[in-house]
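# Survey of secondary and tertiary structure
Okay, here's what each chain looks like letter by letter:
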Amino acid sequence: MTVTRFAPSPTGYLHVGNLRTAVLNWLLARKLDGTFILRIDDTDPERSRQEYADQIRRDLEWLGLTWDREERQSDRFDRYHAAADELRADGRLYEAFETPLELDLKRKKQLNAGRPPVYDRAALELSAAQKTALRAERGDGAWRFLLDREAVHFDDLIRGPQRIDAASLSDPVLIRADGQLLYTLASVVDDAEMGVTHVVRGADHVTNSGAQVQIFRALGSEPPMFAHNSLLTDVDGGALSKRLGTLALNDLREIGIEPEAMVAYMARLGASLPVEVFTERGPLIESFDIEHFGMSPTKFDVEDLALHSAKTLRALPTAAVQDRLIGLGMPVDSVPEFWAAVGPNLDRLTDAVSWWSLCQEGANPIVADEDGDFVAQAALMIPPRPWDKNTWIAWTAAVKDATGRKGRGLFQPLRRALTGMDRGPDMALLMPLLKRVRIAGEA
Ligand code: GLU
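The following refers to the structure shown. Only a predicted model underlies this, so the values are computations on that prediction, with no experimental measurement involved.

### A short note on unusual backbone geometry
That bond from Arg-385 to Pro-386 is cis: its omega, 0 degrees, falls within 30 degrees of zero. Along the polypeptide, Pro-386 turns up in the loop between helix H16 (372-380) and helix H17 (391-403). With a phi close to 55 degrees, Asp-33 is a non-glycine residue in the positive phi region. Structurally, Asp-33 is set in the loop between helix H1 (16-31) and strand E2 (35-40). Here Asp-33 falls in the exposed class, since its relative accessible area comes to 66%. Positive phi, normally seen in glycine, also occurs at Arg-121, with a value near 65 degrees. As for its placement among the helices and strands, Arg-121 is situated in the loop between helix H4 (100-112) and helix H5 (128-138).

### A word on the pattern of salt bridges
In the structure shown here, the tally under the stated rule is 34 salt bridges. Between Asp-42 and Arg-72 there is a salt bridge, and its shortest N-O distance comes to 2.9 Å. A residue pair is termed long-range when its members are at least 10 positions apart, and Asp-42 in the loop between E2 and helix H2 (50-62) and Arg-72 in strand E3 (residues 69-72) qualify at 30 residues. A salt bridge links Lys-106 to Asp-120, with the nearest nitrogen and oxygen atoms 3.0 Å apart. Here Lys-106 is found in helix H4, whereas its partner Asp-120 is found in the loop between H4 and H5, with 14 residues between them in sequence. On the basis of relative accessibility, which here comes to 22%, the residue Lys-106 falls in the partly exposed class.

### Brief notes about the site of the ligand
Around the ligand sit Arg-5, Ala-7, Ser-9, Asp-41, Tyr-183, Ser-187, Arg-201 and His-205, and those are all the residues in its vicinity. Separating a nitrogen atom of the ligand from a backbone N or O atom of Ala-7 is a distance of 2.8 Å. Bound to the protein, the ligand loses 78% of the 300 Å² it would expose on its own.

### So, the packing of helix H6 (residues 183-193) against helix H7 (residues 206-218)
Between H6 and H7, the least distance of the axes is 10 Å, while the angle of their chain directions is 55 degrees. By the angle between their axes, H6 is oblique relative to H7. Helix-helix and strand crossings are classified by hand; for H6 and H7 the assignment is right-handed. Mapping the contact onto sequence places Tyr-183, Thr-184, Leu-185, Ser-187, Val-188, Asp-191 and Ala-192 in H6 and Asn-208, Gln-212, Ile-215 and Phe-216 in H7. Tallied by class, residues from the contact of H6 with H7 come to six nonpolar, four polar and one charged.

### With respect to the sheet that holds strand E8 (residues 173-175)
Across the sheet, which stays open at both edges, the three strands sit in the order E4-E5-E8 with antiparallel pairing between neighbours. The open sheet is flanked by strand E4 (93-96) and E8, the only strands paired with a single partner. Strand-to-strand twist of the sheet, defined as the mean angle between neighbouring strand axes without regard to direction, takes the value 45 degrees. Sheet topology places E4 next to strand E5 (residues 142-145); four bridges connect them, and they run antiparallel. When the sheet's bridge partners are listed, Ala-96 is paired in E5 with Ala-142. In the packing of helix H3 (residues 77-89) onto the sheet, the strands contacted are E4, E5 and E8, and the crossing angle to E8 comes to about 125 degrees.

### Re the pairing of E2
The side chains of a regular strand alternate, residue by residue, between the two faces of the sheet. In terms of burial, E2 is a largely internal element, six of the six residues being buried. Side chains Thr-35, Ile-37 and Arg-39 of E2 all project onto a buried face; the interleaved residues Phe-36, Leu-38 and Ile-40 project onto the opposite face, where all are buried too. A crossover connection joins strand E1 (residues 3-6) to the parallel E2 through H1; in handedness this β-α-β unit is right-handed. Summarising the sheet, E2 and E3 pair through four bridges and their orientation is parallel. Across the sheet, Ile-37 pairs through a bridge with Arg-69, a residue of E3. The handedness of the E2 to E3 crossover, carried by H2, is right-handed.

### Focus: the side chain of Thr-4
Here Thr-4 lies in strand E1. On the accessibility criterion, Thr-4 (0% relative accessible area) is buried. For Thr-4, the side chain forms a polar contact with the main-chain oxygen of Asn-25, separated by 2.9 Å. Residue contacts for Thr-4: discarding those within four places in its chain leaves Asn-25, Leu-28, Ala-29, Thr-35, Phe-36, Ile-37 and His-198.

### Some thoughts on H17
Between its first and last C-alpha atoms H17 spans 18 Å; for 13 residues at 1.5 Å apiece the expected length is 18 Å, and the two agree. All of the buried residues in H17 are Thr-391, Trp-392, Trp-395, Thr-396 and Val-399. Around the axis of H17, the buried residues are gathered within 110 degrees of arc, so they sit on the same side. Where H17 is buried, its residues meet H16, helix H18 (407-419) and helix H19 (427-430). Looking one or two places after H17, you find Gly-404, whose phi comes out positive at around 80 degrees.

Criteria and cut-off values
- Residues numbered from 1 in each chain as written.
- Predicted model: local features only at pLDDT ≥ 70, side-chain atom pairs only at ≥ 80, totals over all residues.
- Heavy atoms only, no water.
- Helix = DSSP H or I, 4+ residues; strand = E, 2+ residues; numbered from the N terminus.
- Buried < 20%, exposed > 50% of the residue type's maximum accessible area, 1.4 Å probe, protein only.
- Salt bridge = Lys/Arg side-chain N within 4 Å of Asp/Glu carboxyl O.
- Near = heavy atom within 4 Å.
- Polar contact = N/O pair within 3.5 Å; in protein donor to acceptor, adjacent residues only side chain to side chain.
- Areas by Shrake-Rupley, 256 points an atom, 1.4 Å probe, with all protein chains shown as cover.
- Axes fitted to C-alpha atoms, helices over the stretch in contact; angles between N-to-C directions.
- Parallel < 35°, antiparallel > 145°, perpendicular 65-115°, else oblique.
- Left-handed = near helix turned anticlockwise from the far one by under 90°.
- Contact = heavy atoms within 4.5 Å.
- Nonpolar A, V, L, I, M, F, W, Y, C, P; charged D, E, K, R; others polar.
- Pairing = 2+ DSSP bridges.
- Right-handed = clockwise from strand over helix to strand, strands pointing away.
- Expected span 1.5 Å × (residues − 1).
- Arc of directions from axis to C-beta.

In structure tokens:
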């Protein structure tokens, strides 16, 4: 049974970077008929906010990334402390009293001497009496996990075989001096107890995984499989700019990005299969394979996403947009015909609103001086209502015969006269939806 989890820290809104991780975890679980857990990593009381957790949930719902189980780390502190006790009992957790300033000095000295800035384990040398004295002077210490100083190996589903030399890592702090229990331990306890089989997360966690593999084993569990997805970069290959890096899902929703497009885009960006339009999830899930992803940094281009979103929107069936169009004020009965006419022409769903009101209220005709007589003549030939999808064709054919105009010179002035726009939906489909056409005397 496959179990994946998406584990955002509710210290901000979801953005394109962490969204990719969410999509990969969700797809992997769905592909393998597994369980997808939403885990709110809120061990940091100062930076975590309920408002962010709520928004993360809304964002995932908007994207249709449904979860089967939800967990909150702040509900599980007793589990983490139990695990810490176990590690302490096994001699894998030790108390260290250095202040941040002292640690900083040590690091600088090591760097100056050309040595890697790895914590020197001075705390291991402290006698019981020295610890008591330090505790009296400074309060509780931080608790560090005693790494085995050996190489950790794991097969990353994206990055291939990994070797992390734990001797080059500092023993990670699992509990801070102020008592705060840290993610590094909490995540391992959760992944082990919740039966997580695949940890899919950003490549910034690779080294972390080396230490966590040892913590899993120290707690008597086998580590899950890892897949570290590459980080997103700007189109020029540089780190994702501040603007894009913090581009929240809300911002993307506001610029009209379709949720289906967002998910399909993230499912293919940086993978060996091309980004394609998907209007439903089944085929997207079917085609998903985490091993299609590469380890090189992946370019993210919001313009390209917007284009992909427009393509997706145009391909969406009525059923996929009906509720939203009704929400924008369209009567349910009108939706199918309206969508068939207008949908294939939109970049963003909300642009449907102006076409809808144009259909209801009529447009101010735009007639160029040189087209004045032509449009006046054509207006007299508009077939009587009711209009259907053949009306435009019959009308323009008759106008063509009467005036000798053809091609763009025929169609463009008539489009502008009817809609007041230079471009827009297929006129044959649009014309029957136009409730008022001023040049036909329908003021
Ligand atoms: N809360 C962590 C983060 O957002 C989760 C990392 C993980 O998936 O283990 O980076």
